[in-house]
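Working through the structure, step by step
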Amino acid sequence: VISGGGGATIVPFFNFSLELRAAVDYVIPLVADEFYAGLYPSFGAVLSLRLGDDPDAGGQILRSIRFGEPQVQPLFAAMHSYHAVNPVGSIDLTNVEDSEIVDIEVSLWVPEFMNTPTPSATISVMAPGETRTVEFPASFNNTIFNFTGSQPINGELVVSYRLDDKTGEQRRSVIFKMYDKTSLTWDDDNKVAAFMTSDDPNVVRYSSEIRGATREAEIDFLSRPLQQAMQVYYGMAELGMIYQSDPVKPFTQMQEETVVVDNVSLPRDMLIRATGDCDDLTVLYNTILESAGVQTAFVTTPGHIYSAVNTGVSARQYERVHPDRDMTLVYNDQLWALIEITLVGREDFLEAWRTGIQEYRQYDGEPARRGFYITREAKRLYEPIVLQDERIDLDYGDLAAVRYAYEEDLSILGDILLERYRSQAESRGRESDHNRLGIMAAQLGRYDEAERAFNSAIEKNADYTAARINLGSMYFLLEEYERAFDVFEAARERIESQPSHRAEEELKVLLNLSKTAYELRRFDAAGSYYDRAAAIDSEAVADYTNLAAVAGGSGEGRAAESEEWGILFVEGE
């Protein structure tokens, strides 16, 4: 047999093929039988079906997205929390297919500075030819705090999606310029809060040392935050802290050129270096106070930034801070003292306070040119940088000198607060004027002056029971409890003997007697006086839970757990 033939295979799809074949055979028999001799043509077809995907098919590598040019901004390590929730760049994505793509997810991946990719956007569907602009944030790990200066960092945008029943993923490289943890631009003054590292153990230790050296000199009546502001001010002065303008990048230039990169010193570095410009000193001062629980703010005016402290005193009680209303700023019904911190080491605290409010008032006619930013609110926008717990060796200086300077200012402030009361008592001479002078003097710890004032009021009017009660309150503050109890008891008898007496005075003297009996460990008497006060005005005594516990028969143990409360003074008429 002599054979010849050929065929062709058609494969329109990976899993389908059609094979066609043709052949001719010429037969020569070996025996003389012409019946079998001749040509034999043949034709055939084979249809084949294969299952599964073709792993070698080029069409399976999807390229359905066309990337535009990434638009990126410089990154700042100090702005890490802001970058995590706000765009650091954008890119255009275009669907180049003839059909829609779905389930598009975009993320940014910077391997060196991220633990996982940062999700950027999810797009349910993109029509053929459609272009979308995608903005992407960047959530970095703490590695970004470990370098200095600036450096380029490489990342990539990752886009995954589906086309029909296939899944695609494409990547586009992106390059950022990253600045270190001391850098920022002044396009938003809130950014400076990122450098106020009040959780830094070094700052906390320093704050505790200053507080420990001065706490016993505090005056309970005065704003404690304001006193802490004084203490830290003189603590910084004792370190040799002083203002020095940056010769290369002065703040006046940096604030105006909002796209120029500036550097702000970290508080732990400032504690060692002890010199800085206005932003460095403001950051340090606010950070130390915030570490002690004091609420601070910062003020910006053209070319300048300085500090503010919430006194914790309501606006209507301004005389507890300063008799001049214009010496404080009212914000949310709280009085704030504005401190020109660049005067540290050169002027006393009271002068820094006067200067701070004067600088602010200069722009009363142009309020848009000044800013007032609450530190804790700014920190929510720009979370402070994370520092390694690295202990620094710091010489705190002469803490006795810190206390002395603080007490000097307390004395001056006390005279300022007393000036008006002294003047009124001298010029008008009424028992009520001497009484008010005595109250203020006693609350400021000027006990000799307070005793003279109360006695002057009593000499002018022997029946003026307000001064008698207040004299007992003064002895209580001196911890002369037996003497205070006797004075209170005599005042109570005089009040109750009068046909018409003021219920307020009776109420307060009974509460003072209850408190004094409690300090003398006479718990039955303390409870009895409290019950009598409650019978006059149950709502007015509701806050005195320690005495209520004694009156209720809970005894010494329960009362000892209750909160303390101050002794009461009577303004009188």
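Small disclaimer: the values here were computed from a predicted structure and weren't measured.

So, on to the pattern of salt bridges. One pass over the structure, following the stated rule, counts 32 salt bridges. A salt bridge links Glu-290 to Arg-376, with the shortest nitrogen-to-oxygen separation between them at 2.9 Å. Here the residue Glu-290 occupies a position in helix H6 (residues 278-291), and Arg-376 occupies one in helix H8 (residues 375-381), the gap between them amounting to 86 residues. The residue Glu-480 makes a salt bridge to Arg-483 at a minimum N-O spacing of 3.4 Å. Glu-480 gets classed as partly exposed once you look at its relative accessible area, which sits at 32%. The class for Arg-483 is partly exposed, based on a relative accessible area of 42%. Where salt bridges share partners, they join Arg-211, Glu-218, Asp-220 and Arg-224 into one cluster.

So, about unusual backbone geometry. With a phi close to 50°, Asn-332 is a non-glycine residue in the positive phi region. If you trace the backbone, Asn-332 turns up in the loop between strand S19 (329-331) and strand S20 (334-339). Classification of Asn-332 by relative accessible area gives exposed; the value is 61%. Of note, the phi angle at Asp-333 is positive, near 65°, even though the residue is not glycine. Its location among the elements puts Asp-333 in the loop between S19 and S20.

Before going further, it helps to spend a moment on the packing of aromatic side chains. Scanning the entire structure with this criterion turns up 15 aromatic pairs. Ring-pair connections join several aromatic residues into one group, and the members of that group are Tyr-233, Tyr-234, Phe-349 and Trp-353. Positioned above the aromatic ring of Tyr-360 is the side chain of Arg-370, whose terminal nitrogen or guanidinium carbon lies 3.9 Å from the ring centre.

Glancing now at the packing of helix H10 (residues 431-443) against helix H11 (residues 447-460). Contact pair H10 / H11: the axes reach a minimum separation of 8 Å and the direction vectors enclose 160°. Taken together, the axis directions place H10 and H11 in an arrangement best described as roughly antiparallel. Where H10 crosses over H11, the two elements pack in a sense that is left-handed. Facing Glu-431, His-434, Asn-435, Leu-437, Gly-438, Ile-439, Ala-441 and Ala-442 of H10, the residues of H11 in contact are Tyr-447, Glu-449, Ala-450, Ala-453, Phe-454, Ser-456, Ala-457 and Lys-460. Of the residues in the contact of H10 with H11, the class split is nine nonpolar, four polar and three charged.

Rules used throughout
Residues numbered from 1 in each chain as written. Predicted model: local features only at pLDDT ≥ 70, side-chain atom pairs only at ≥ 80, totals over all residues. Heavy atoms only, no water. Salt bridge = Lys/Arg side-chain N within 4 Å of Asp/Glu carboxyl O. Helix = DSSP H or I, 4+ residues; strand = E, 2+ residues; numbered from the N terminus. Buried < 20%, exposed > 50% of the residue type's maximum accessible area, 1.4 Å probe, protein only. Phe/Tyr/Trp six-rings, centres within 6.5 Å; stacked < 30°, edge-to-face > 60°. Lys NZ or Arg CZ within 6 Å of the ring centre and 35° of its normal. Axes fitted to C-alpha atoms, helices over the stretch in contact; angles between N-to-C directions. Parallel < 35°, antiparallel > 145°, perpendicular 65-115°, else oblique. Left-handed = near helix turned anticlockwise from the far one by under 90°. Contact = heavy atoms within 4.5 Å. Nonpolar A, V, L, I, M, F, W, Y, C, P; charged D, E, K, R; others polar.

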